[in-house]
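Here are the chains, one letter per residue:
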Amino acid sequence: MSQSGERLKSGQLGTADVTASTVANIGPGIDFYFGFGVVAATAGVAAPLTILAATVAVALLAFTVAEFTRAEPSAGSFITYVETGLGARAGVATALLVTVGYTVAIASVFTMSGGLVAMTLAQFTSWHPWWGPFTVVLTAGAIWLTARGVKLSTVAVGAAVVVQVAIMLAVCLLVLVDQRAALSAIPFSWAHLTGGLAGLSAGFPLALFMFIGWENGPSLAEEARDPRRTIPRALYLSVAIAAVLLVFFAYATITGFRYNVSSIGRSSVPFLTMADHYLGGAAILAWIAGILSVLATLIAGADSQSRLLFDGGRTGLLPAKLGHVHSRSGTPVNALLFMTAAGLGIIGIWWVSHLVTGDTGSMDPVGLYAECSTMATIVILFVYFLTMLSLPVFMWRRHRASFSLLRHVVIPVLGSATLIVPFVELCQPGQPAPYNAFPFIALALVAAIAVIAWLVVRRHPHAGAGEGAEA
């Protein structure tokens, strides 16, 4: 491990660019398509309340990260803030948790890039292709575009998000017009929440996962114009936009299914089932919107995650080879290639494991997407918690003159409290395989990472010193 002085090209992105990239990384299309069915099955007709609860939690987390960014913008985001607040060992641990958690998360996106294309072809043609080759080709194309430069990839992502959202909004409006006689406020009524607080809690982890990607902006800080203003604005705007879209999509879907949440739960992709019912052949537009959403999330996620790995590499918290940028494009190509290889490797291991066990009947992309999403969420929750814990220490040690008890203690504590619910729900016993093993895998991973972090800092006492954050 070593430290490099390499930097990303500054001043390329404005608030609109970062907001578009963050909304794309949140993925209001892909996450809603494949997540809302479970939320509705657990929370019932009032499922939008679960999304609103997740919005509150994400807003608290976003506020905390925004406070860090106002003080010291850095491409390292979580890694930088935990390291500067809690020390090098915590920084190495966070870097490794970020590497594992977000790589598993993006493996789910790689899966659905080809999976949804294969599903679309099977839906509208007589061809039922295997999704694997599509995943490899589309992932390679998206990474190639990302490697060309952050400005180009952000423009492409922005265009894809606009088209995707326009199509989904059009589908929802057509459904609501058709069902205008049945419109009501029932989806926002606590009385119609299945199981009350228990139902809200059960769907909360997946509703929270719908927002993962909100942290995209801070990792683009080094390439943004006036990052102390641009990144916080983009954070708040993107969370607000995603929340409005997800709640609206949820309301329209519940209405489109005529408040029959059992039917929503039985559908693998409720939004597409609804589009097929109301639009007939024109529903192909909704399928295309889903594909655009997956690809936009893939590109935006690759941009964000590669910069986290890059910053960890250049500061000595991760292997130094990750901390290099391409001389012409200014992109962290090594980090991109590592992330891509690791993500595709996870898919390959999953595929081989199913062949070995003979469980080939469940080798569908939706199953792998759900498994990777759940495992990634558990690991990423640890990263969120460390970040909340770091803010008061960080501000007290480095920016004591602007320290605020409300902003830098109370709000992070509230944010940490919201993480208890998804931890409990994701780690409760009695879940079906392989979900019942995920909590134990996560705990073993955290223990191993703690040991590795201790050894790394012992061998390299200056790891993380001279962090690349802007003063």
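Undergrad: Help me understand the environment of L116 in this model?
TA: In this structure, L116 sits in helix α5 (residues 88–124). L116 sits in the buried class, given a relative accessible area of 1%. Residues L116 and L145, spaced 29 residues apart in sequence, show a C-alpha to C-alpha distance of 20 Å. In this structure L116 touches F34, L272, W287, G290, I291 and V294, once residues within four positions along its chain are discounted.

Undergrad: Would you take a moment to explain the layout of surface pockets for this structure?
TA: Rolled over the atoms, a probe with the dimensions of a water molecule shows which regions are left empty. In this model, the largest pocket occupies a volume close to 640 Å³. In this structure, the largest pocket is lined by 27 residues; those nearest its centre are V38, L206, A370, T374 and Y435. Contributions of two or more residues to the lining of the largest pocket are made by α2 (30–43), α8 (197–211), α14 (365–398) and α16 (420–427). A breakdown of the residues in the lining of the largest pocket according to their chemical character gives 14 nonpolar, twelve polar and one charged. Together, 16 residues line the second largest pocket, and I346, W350, E371, F438 and I441 are the ones closest to its centre. Broken down by element, the residue count for the lining of the second largest pocket peaks at five residues, all from helix α13 (residues 333–357). Split by residue class, the lining of the second largest pocket holds 13 nonpolar, two polar and one charged.

Undergrad: How should the pattern of salt bridges be read in this particular structure?
TA: When the charged atoms of two side chains lie near each other, side chains of opposite charge can form a pair. Summed over all chains, the structure comprises ten salt bridges. Between R314 and E222 there is a salt bridge, with its nearest N and O atoms 2.5 Å apart. In this pair, R314 sits in helix α12 (residues 284–314) while E222 sits in the loop between α8 and α9 (227–256), placing the two residues 92 residues apart along the sequence. Grouping residues by exposure puts R314 and E222 together as buried. A cluster of three or more residues bridged by salt bridges with shared partners is formed by R7, E222, D311 and R314.

Cut-off values and rules
- Residues numbered from 1 in each chain as written.
- Predicted model: local features only at pLDDT ≥ 70, side-chain atom pairs only at ≥ 80, totals over all residues.
- Heavy atoms only, no water.
- Helix = DSSP H or I, 4+ residues; strand = E, 2+ residues; numbered from the N terminus.
- Buried < 20%, exposed > 50% of the residue type's maximum accessible area, 1.4 Å probe, protein only.
- Contact = heavy atoms within 4.5 Å.
- 1 Å grid on protein atoms, 1.4 Å probe; cavity = no way out; pocket = protein on both sides within 12 Å on 5 of 7 lines; lining within 4 Å.
- Points joined across faces, edges and corners; volume = space filled by probe spheres on them.
- Nonpolar A, V, L, I, M, F, W, Y, C, P; charged D, E, K, R; others polar.
- Salt bridge = Lys/Arg side-chain N within 4 Å of Asp/Glu carboxyl O.

Any functional reading would require information beyond the geometric quantities listed.
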